[in-house]
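What the coordinates show
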Amino acid sequence: MSVEKVEAAGDPKAEEGKVEKGLEGVVALESSISSIIGSTLTYRGIEIDELAEKATFEEVVYLLWFGKLPNRAELADLDSRLRENSELPEPVYQLIKSFPKDIIPMDGLRSAVSVLGHYDPDTAAKPDDSEANLRKAIRMTAAFPIIVTAIERVKNGLEPIKPRKDLSIAGNFVYMLDGVAPDRIAIRAIDTALVLHADHELNASTFSARGTVSTLSDIYSAIVSAIGTLKGPLHGGANEAVMKMLLKIDDVSKAQQWIKDAIAHKEKIMGFGHRVYKNGDPRAKHLRKMSEELGKLKGETRWFEMSAIIDDYVSNEKGLLPNVDFYSASLYYVLGIPIEAFTPVFACSRISGWIAHCFEQYADNRLIRPRAHYNGPINQHYIPIEERV
Ligand code: COA
C-alpha cells in the first residue's frame, strides 16, 4: 500500500501524524470527580483507602454526583429516592424472561437498560435537562442490581426476586440473588467492593459515556455505550477471566507451575497490569484483605491461597502488580456470586461514576471529536466493477 504524506484538513497535529496509540498519556479533558496521582486514587479529593474503610456506597454515590459528602438529611433523601424507584417496569421483566437462556449477562444488562429508557417518565425530557437527568440517574442506579439479579435467576429457571425497601443497594443485591436474608459480613464486603469500583477517572467505559453525552445524546444512550465498553476483558471483563483461571488451576499446589508455564507461553495474566498504575493499584490491597478474610470465614481459603501465590510469582517475575479485578474474583466467588455476574457487579457500582461524568460533561460540554492520522492510499479512482480484479 502506498503511503504518502497527506494534507490533513489543515490540522498540523493530524498532518504531522504523531499518534499516541490507545490515547496513552493523552489528557483529554478537565474533571473534578476522581484523580489518580501516582498510586493514590481519590473521589472528590478523598482517598479511596478512607472511603473503603468508612463510607457506604450510597454516600459515595452522593459524593460523586454532588461533589461533597451528604449530611444526614441529604443521605436519607437520596436513600429514600433510590428505594422508591426500586421497581422495574413490567415490560423490562418480560424482556428479561424472553432472553435466550445462554445470554451473556452483560449483553442482557445492555439491552434491559436500553429498554428501561423507553419507560422512564422523563424519556421526553431534553437530554441536558439536569433535573430530569438526576431522576433518570436515580432510576438507573436503583434498577441495575434488580436487572442483574433478575437475569441471573431467570437464566437458572427461577423467578426474579423484588428488592426489599429496608435494604441498601449492597444488601438487596445479595438478597435478590438467592432470596435469603443476607448476613452483615456479606453486605459489608459487597458494599466495600461497590465503593472501590465506583469511579476511576477517564477509564475506557467512562470515556465512552462522555463521548456519547458530548453529542448531546441522552444519558440512557451514554450508559448503554458504557456497559458495552466495560464488558471487554481488557476492562471490567477481567474479573471473570481471573476466576476461570483459578478454577482451571484448581489446586493450590499447582498454582506456581501453572502460572510459570503461562508466562513462558507469553500468555496475558488476567487481573495484572494497568495502563495508569505502574506501581500498584490502590484498590487491590483492600480486595486482597477482604478475599482472605471472607475465605477464612466461609471455610473456603484455596481461591485466596492460589491468588496469593500467583500474585507473588507475577510480581517478582514480571514486575506486574494485581489490579482491581484480581482479588475481586476470589472474593465474589466465596460470596456465592456466579462468575458471569462478576462484571455486572462492577457495572452496578460504576454506574455511579458514569453518571457523575455525564453530569459534568453536560454542564460544560464540548463535542469530543479527536482526529486520526490517515495512513491509507491516496489518489485512487473509481474502477467499474467489470474491470476490477
Ligand atoms: N500479563 C502479562 N503481561 C502483561 C500483562 C498481563 N496481565 N499486562 C501487561 N503485560 C505486559 C505486556 O505484554 C507488555 O509487554 P511487552 O512490552 O513485552 O510487549 C507490557 O506488559 C506493557 O503492557 P501493555 O499491554 O502495553 O500495557 P497497557 O497499558 O496497554 O495495558 C492492560 C494495560 C490493563 C490492558 C494490561 O495490563 C492487561 O491486558 N491486563 C490484563 C487484563 C486486565 O486485568 N484488565 C483489567 C484492567 S483494570
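On a predicted model such as this, the values are computed, not experimentally measured, just so you know.

1. Overview of the sheet that holds strand 3 (residues 46-47)
Spatially, three strands are ordered 1-2-3 in an open sheet, and the strand pairing comes out antiparallel. Among the strands making up the open sheet, the edge pair consists of strand 1 (34-37) and strand 3. The sheet contact formed by strand 2 (residues 40-43) and strand 3 spans two bridges and is antiparallel. Of the residues in strand 3, the one forming a bridge with tyrosine 43 is isoleucine 46.

2. Observations concerning the domain arrangement of the chain
Entries for the chain in the domain assignment read domain 1 (57-234) and domain 2 (238-334). A straight line from the C-alpha centre of domain 1 to that of domain 2 covers 27 Å. Counting from both sides, the interface comprises eleven residues of domain 1 and, opposite them, 16 residues of domain 2. Both faces combined, the contact of domain 1 with domain 2 buries some 1,100 Å², and carbon together with sulfur accounts for 70% of it. Sorting the residues of domain 1 by area buried against domain 2 places Leu196, His197 and His200 first, and these three jointly supply 46% of that buried surface. Applying the counting rule to domain 1 against domain 2 returns one salt bridge. Two residues, aspartate 183 and lysine 298, come together in a salt bridge whose shortest N-O distance is 3.6 Å. Viewed at the interface, domain 2 and domain 1 are joined by two residue pairs in polar contact (both at pLDDT 80 or more).

3. Here's the deal with empty space enclosed by the protein
Evaluated as defined, the whole model comprises two cavities of 30 Å³ or more. Taken as a whole, the largest cavity spans an internal volume of roughly 140 Å³. If you trace the largest cavity, you find 16 residues lining it, with Ser86, Leu167, Ser168, Ile169 and Asn172 closest to the centre. Among the residues forming the lining of the largest cavity, the class breakdown is eight nonpolar, three polar and five charged. Looking at the second largest cavity, its volume works out to about 30 Å³.

4. Let's talk about helix 9 (residues 184-197)
In a regular helix each residue adds 1.5 Å, so 14 residues correspond to 20 Å; helix 9 covers 20 Å between its end C-alpha atoms and thus fits that length. Judged by how many residues are buried, helix 9 sits mostly within the fold: eleven of 14 residues are covered. Here helix 9 has its buried residues at Ala186, Ile187, Ala189, Ile190, Asp191, Thr192, Ala193, Leu194, Val195, Leu196 and His197. Between a side-chain oxygen at the N-terminus of helix 9 and the backbone nitrogen of isoleucine 185 the separation is 3.1 Å; the capping residue is aspartate 183.

Definitions and cut-offs
- Residues numbered from 1 in each chain as written.
- Predicted model: local features only at pLDDT ≥ 70, side-chain atom pairs only at ≥ 80, totals over all residues.
- Heavy atoms only, no water.
- Pairing = 2+ DSSP bridges.
- Helix = DSSP H or I, 4+ residues; strand = E, 2+ residues; numbered from the N terminus.
- Domains from an automatic or database assignment.
- Contact = heavy atoms within 4.5 Å.
- Buried area = accessible area lost by both parts, 1.4 Å probe.
- Salt bridge = Lys/Arg side-chain N within 4 Å of Asp/Glu carboxyl O.
- Polar contact = N/O pair within 3.5 Å; in protein donor to acceptor, adjacent residues only side chain to side chain.
- 1 Å grid on protein atoms, 1.4 Å probe; cavity = no way out; pocket = protein on both sides within 12 Å on 5 of 7 lines; lining within 4 Å.
- Points joined across faces, edges and corners; volume = space filled by probe spheres on them.
- Nonpolar A, V, L, I, M, F, W, Y, C, P; charged D, E, K, R; others polar.
- Expected span 1.5 Å × (residues − 1).
- Buried < 20%, exposed > 50% of the residue type's maximum accessible area, 1.4 Å probe, protein only.

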